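For reference, the chains in residue letters:
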Amino acid sequence: MTSHTADPAAPSTSSADPADPVGFTDPAGFAGFADIDGFLRIPRVASVVASDDGRVVTAIQEADEPGAKLVSSLWELDPAGEQPARRLTFSAKGESSPRFAPDGSLLFSSSRPDPEGGAEEEVTAIWRLPRTGEAQVVASAAAGLSLLSVAADGTMLAATSVLPGSNLEEDAERRKARKDAKQTTIWHTGMPIRLWDHEIGDQSRRLVLVSPEGDLTDLTPDVGTVTLYAASADLSPDGSTVATSWTQRVRGGETRSSLVLIDTATLRRSVLLSADENAQYGSPLFSRDGRKLAVIRSTASSPTDTSYSRLEIHPLGGGEAITAQLGDLSITDLEWAADGSLLMAGDLHSSGAVLRIDAATGEARTVAGDGVFSSLAATADGTLFALRNDVAAPSRPVRIDTGSHAGAGAVTELPAPGAVGALPGTLEWVETDVDGLTVGGWLCVPAGASAEAPAPVMLWIHGGPHGSYNAWSWRWCPWLAVQRGYAVLMPDPAMSTGYGDAGLNRGWPRRPDVVFHECETLFDAVLERADLDGSRTAMLGASFGGFMANWIAGHTTRFDAIVTHAGLWALDQQHRTTDAAASKMRVHRHEDEDPDWYRAFSPHHEVDAITTPMLITHGNRDYRVPISEALRLWWDLVSTWDGEPQGMPHRFLQLTSENHWVLTPSNALAWNQAVLAFCDQHVLGAEPIPEVLPW
């Protein structure tokens, strides 16, 4: 095994004095990582935008007083990184999704009360904040408006929804009547019917053009409930054309997403890129001159190949498309630069990078590395602003030097709320050989670990399975466990992003034995260290990681505790009830078509072999991994327990208002407390958790 210690500080050349309170290095009320409630109340930088004349604005989320929700506000940053951030908005409802209008005013989304009474209460409207003066509502709709793009003349593209059979004008009245009658029926005519945590068939998503004065034009009045349910769309700089993904149902419960152009004057549609059984299209983005369109083409997954994403650049005046040469990088974010090149962020080798793509050749060079970047925002003079984070630091706004010289540019952090201060341990990159392949991961070790006092160790397996342990997480933060005295190993095994097509497809189709073999081999390698205690261990995972936890529980007794969140248990059941049923069934087929795969890899077959104490956590509103998986797992564990009921070691934390994630701060607090207390009990021998939780 090889390892190296990572610098937990983000690379920065910020000129702000770290001792100056404007740098927000010590958030008020945060007493260190032992203070979980204080940790969850640290401000979170969510997005950043920049105007062509150099103004920079960020959205920052904070928990409200009772911990019932995260509330977002907008702050203006000093692009030079010398002055403190300045808060711009203050409403109790919050403001998010900022964008600059061509006149320099700031557009944002909010459900704050409209003092002029033009917007419905509790409905998200588009607001405009001028350089001086008060914010005012630009436009609203009965179901709310989501701002997608802004043209050079101030025209906006937004998304809304209407009830079936409604138009924009009559939708509000019909919604009120439906609400007053407590009518909740949904008429389904095909698949899909759900997405993540909401129903699809009860309303139709529409794209609307919003004039600078706030007038709405429905660009898609004739679409059904599925066509735009998950659409990504963009408006050309001159406002004449909308590019959008366009989903249609096909046989077998499947859908296909093509790329369609809509003329905003005539509403005429033309298909630019037609989906077929091998590829679909999405994430369109017009170049600044409107002559090119960046598109992501995704191949269809199969029993032998996962889905691969390709970045294509299509000249709209005719000519051959260019495919970007991305190497191992997995795409996460796109932004056109003023010089006509395309900037792209993505996962790379358990970290991340920003690349500049030559739109004529597809050739790429690195603009920034050593961190995970998002929310790219380029200005007219070539400056790039973004958010940067890694395992040791949450997202921070940065300015990136994107000069034409070869190699990565300097990354300068801008003062903003939300830094976390000193970490309670060290961060190391570790790797080992697994059957001729190098598999690595991040290892977090508590400061007090030593040969005389070795730390108990947790193995975390990430979700996806196409994901990476390369970034900060407010939900699964290893430093809370490190503060408690645990070391945490977070591998990037087979099917992780940032390792090219070969990495994505290794272990396909979702082979838990392959993933666990790689994770366990790395785990065993790090346990050779004198400062780690291999006799006290736990395993944790969520989503695909939760599936891994459930499968591992029936195949080994080496762990003292297992925590599974949103985990798949009975695959014949989950593959038919998930909101992604079509792709699951396409890949894994019916159990009678591939009985050996289901028998080997559906965790429920090995319930009788489970002796390790398990903590199940699951949200009722999770449609990706329905709550039925947790309910069936819980029944199987309880009903097969052979001892007295009060002696059963397993526990179930049900989160009735949560979806696939735990988003409410108070629920996240209870979740973290329960997980750590459960591990303390079974790994460290702490007092049992009482029947009635103390939190």
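Predicted model, so just to flag it, every value in this text is computed and none were measured.

> Can you help me understand the overall build of the protein in this one?
A count of helices and strands for the protein gives eleven helices and 39 strands. A globule of 695 residues ought to have a C-alpha radius of gyration of about 26 Å, and the protein, at 25 Å, matches this closely. Oriented by its inertia axes, the alpha-carbon framework of the protein measures out at about 70 × 60 × 50 Å. With 695 residues in all, the protein has 55% of them scored as buried. A separation of at least 24 residues holds for 56% of the contacts in the protein among residues at least 6 apart in sequence. Total accessible area on the protein stands at roughly 28600 Å², and carbon and sulfur atoms take up 49% of it. Taking the average location of the 52 positive side-chain charges in the protein and that of its 90 negative ones, the two points are 5 Å from each other.

> Teacher, can you tell me more about the packing of helix α5 (residues 512-526) against helix α6 (residues 544-553) here?
Axis angle and axis distance: for two packed helices, these are the angle between their axes and the distance between the axes, and together they describe the pair. Interaxial distance between α5 and α6 falls to 10 Å at its minimum, and their mutual angle equals 85 degrees. When the axis of α5 is compared with that of α6, the two are roughly perpendicular. Side by side, α5 and α6 meet where Pro512, Asp513, Val515 and Phe516 of the first sit next to Phe544, Phe547, Met548, Trp551 and Ile552 of the second. In terms of residue class, the contact of α5 with α6 is made up of eight nonpolar, no polar and one charged.

> Is there a simple way to explain the pattern of salt bridges in this structure?
Any two side chains of opposite charge can pair, on the condition that their charged atoms come close. Scanning all chains against the criterion turns up 32 salt bridges. Between Arg55 and Glu76 there is a salt bridge, with its nearest N and O atoms 2.9 Å apart. With Arg55 in the loop between β2 (44-50) and β3 (56-63) and Glu76 in strand β4 (residues 70-77), this residue pair connects regions lying 21 residues apart in the sequence. On the basis of relative accessible area, Arg55 is assigned to the buried category, the value being 16%. For Glu76, a relative accessible area of 13% puts it in the buried group. Ionic contacts of the salt-bridge type, sharing partners, join the residues Arg55, Glu76 and Arg86 into one network.

> Whenever I open this one, the packing of aromatic side chains confuses me. Can you help?
Here a ring pair, both rings aromatic, is described through the centre-centre distance and the interplanar angle of the planes. This model, assessed by the stated rule, comprises 14 aromatic pairs. Between Phe33 and Phe39, the ring centres sit 5.7 Å apart and the planes meet at 40 degrees, which makes this aromatic pair tilted. Take Phe39: its relative accessible area is 0%, and that puts it in the buried class. A centroid spacing of 5.2 Å and a plane angle of 80 degrees characterise the contact between Trp597 and Tyr598, whose relative ring orientation is edge-to-face. Judged by its relative accessible area of 4%, Tyr598 is buried. Members of the aromatic cluster, joined through ring pairs, are Phe33, Phe39, Trp472 and Trp474.

> Explain the environment of Arg511 to me, please; I cannot follow it from the model alone.
By the element assignment, Arg511 lies in the loop between α4 (500-505) and α5. Judged by relative accessible area, Arg511 falls into the partly exposed class, the value being 27%. For the pair Arg511 and Trp597, spaced 86 residues apart in sequence, the C-alpha to C-alpha distance is 8.9 Å. Aside from chain neighbours lying at most four places away, what touches Arg511 is Met495, Trp597 and Phe601.

> Is there a simple way to explain the sheet that holds strand β24 (residues 330-336) in this structure?
For sheets, the rule is that strands pair by backbone hydrogen bonds, running either parallel or antiparallel. With antiparallel pairing, the four strands of this open sheet are ordered in space as β24-β25-β26-β27. Whereas interior strands pair on both sides, the edge strands pair on one side only; in this sheet they are β24 and β27 (364-369). Strand-to-strand, the axes of this sheet are offset by a mean angle of 30 degrees, without reference to chain direction. In terms of strand pairing, strand β26 (residues 351-357) meets β27 through five bridges, oriented antiparallel. By the bridge assignment, Val354 is partnered in β27 with Ala368.

> I'm lost on helix α2 (residues 168-180) in this one. Help?
For an α-helix, 3.6 residues make a turn, and residues three or four places apart therefore share a direction. For α2, the N-terminal cap is Asn167; the gap from its side-chain oxygen to the backbone nitrogen of Glu169 is 3.0 Å. Among the residues trailing α2, Lys182 stands out with phi positive, at a value near 55 degrees.

> Whenever I open this one, the pairing of strand β33 (residues 437-446) confuses me. Can you help?
The side chains of a regular strand alternate between both faces of the sheet. With eight of ten residues buried, β33 lies mostly within the body of the structure. In terms of strand pairing, strand β32 (residues 425-434) meets β33 through ten bridges, oriented antiparallel. The residue of β33 that forms the bridge with Thr432 is Val439. Adjacent in sequence and paired antiparallel, β32 and β33 are bridged by two residues, among which Asp435 carries a positive phi angle near 55 degrees.

> Can you walk me through unusual backbone geometry in this structure?
Trans peptide bonds make up the majority, and among non-glycine residues the majority have a negative phi. Cis peptide bonds are those with omega within 30 degrees of zero, and the linkage from Gly464 to Pro465 qualifies with 5 degrees. Tracing the chain through its elements places Pro465 in the loop between β34 (455-461) and α3 (478-483). The amide bond that connects Trp508 to the next residue, Pro509, takes the cis arrangement and shows omega of 5 degrees. Along the chain, Pro509 turns up in the loop between α4 and α5. A positive phi angle is found at Ser350, which is not glycine, with a value near 65 degrees. With respect to the helices and strands, the residue Ser350 is situated in the loop between β25 (342-348) and β26. Of the residues examined, Ser350 reaches a relative accessible area of 1% and is grouped as buried.

> Hey, could you run me through helix α11 (residues 665-684) in this one?
With 20 residues, α11 should cover 28 Å at 1.5 Å per step; its first-to-last C-alpha distance of 27 Å lies within 8% of that length. Within α11, 15 of the 20 residues are buried, which leaves it mostly tucked inside the rest of the structure. Just downstream of α11 lies Gly685, where phi reads positive at about 80 degrees.

> Can you help me understand the sheet that holds β4 in this one?
One open sheet holds the four strands; their spatial order is β2-β3-β4-β5, and the pairing between them is antiparallel. Taken across any chain shown, the strands that pair with only one partner, and hence form the sheet edges, are β2 and β5 (86-87). Looking at chain direction, β2 and β3 are connected through six bridges and run antiparallel. By the bridge assignment, Val48 is partnered in β3 with Thr58.

> Please clarify how the environment of His314 should be interpreted in this entry.
Structurally, His314 can be placed in strand β22 (residues 309-315). Given the relative accessible area of 11%, His314 is considered buried. In this structure the C-alpha to C-alpha distance between His314 and Ala337, which are 23 residues apart in sequence, comes to 16 Å. Ignoring sequence-local partners within four residues, the contact set of His314 consists of Leu273, Arg291, Lys292, Leu293, Val295 and Ala321.

> So what exactly am I meant to see when it comes to the confidence of the model for the protein here?
Close reading of the predicted structure is inappropriate where its pLDDT is low. Averaged over every residue, the pLDDT of the protein is 94; the share at 70 or more is 95%. When the criterion is pLDDT under 50, residues 7-26 qualifies, and its contacts beyond four places in sequence or with other chains add up to 35 contacts.

Cut-off values and rules
Residues numbered from 1 in each chain as written. Predicted model: local features only at pLDDT ≥ 70, side-chain atom pairs only at ≥ 80, totals over all residues. Heavy atoms only, no water. Helix = DSSP H or I, 4+ residues; strand = E, 2+ residues; numbered from the N terminus. Rg over C-alpha atoms; globule rule 2.2 N^0.38 Å. Buried < 20%, exposed > 50% of the residue type's maximum accessible area, 1.4 Å probe, protein only. Contact = heavy atoms within 4.5 Å. Areas by Shrake-Rupley, 256 points an atom, 1.4 Å probe, with all protein chains shown as cover. Lys, Arg positive; Asp, Glu negative; His and termini not counted. Charge placed at Lys NZ, Arg CZ, Asp CG, Glu CD. Axes fitted to C-alpha atoms, helices over the stretch in contact; angles between N-to-C directions. Parallel < 35°, antiparallel > 145°, perpendicular 65-115°, else oblique. Nonpolar A, V, L, I, M, F, W, Y, C, P; charged D, E, K, R; others polar. Salt bridge = Lys/Arg side-chain N within 4 Å of Asp/Glu carboxyl O. Phe/Tyr/Trp six-rings, centres within 6.5 Å; stacked < 30°, edge-to-face > 60°. Pairing = 2+ DSSP bridges. Polar contact = N/O pair within 3.5 Å; in protein donor to acceptor, adjacent residues only side chain to side chain. Expected span 1.5 Å × (residues − 1). pLDDT = per-residue confidence, 0-100.

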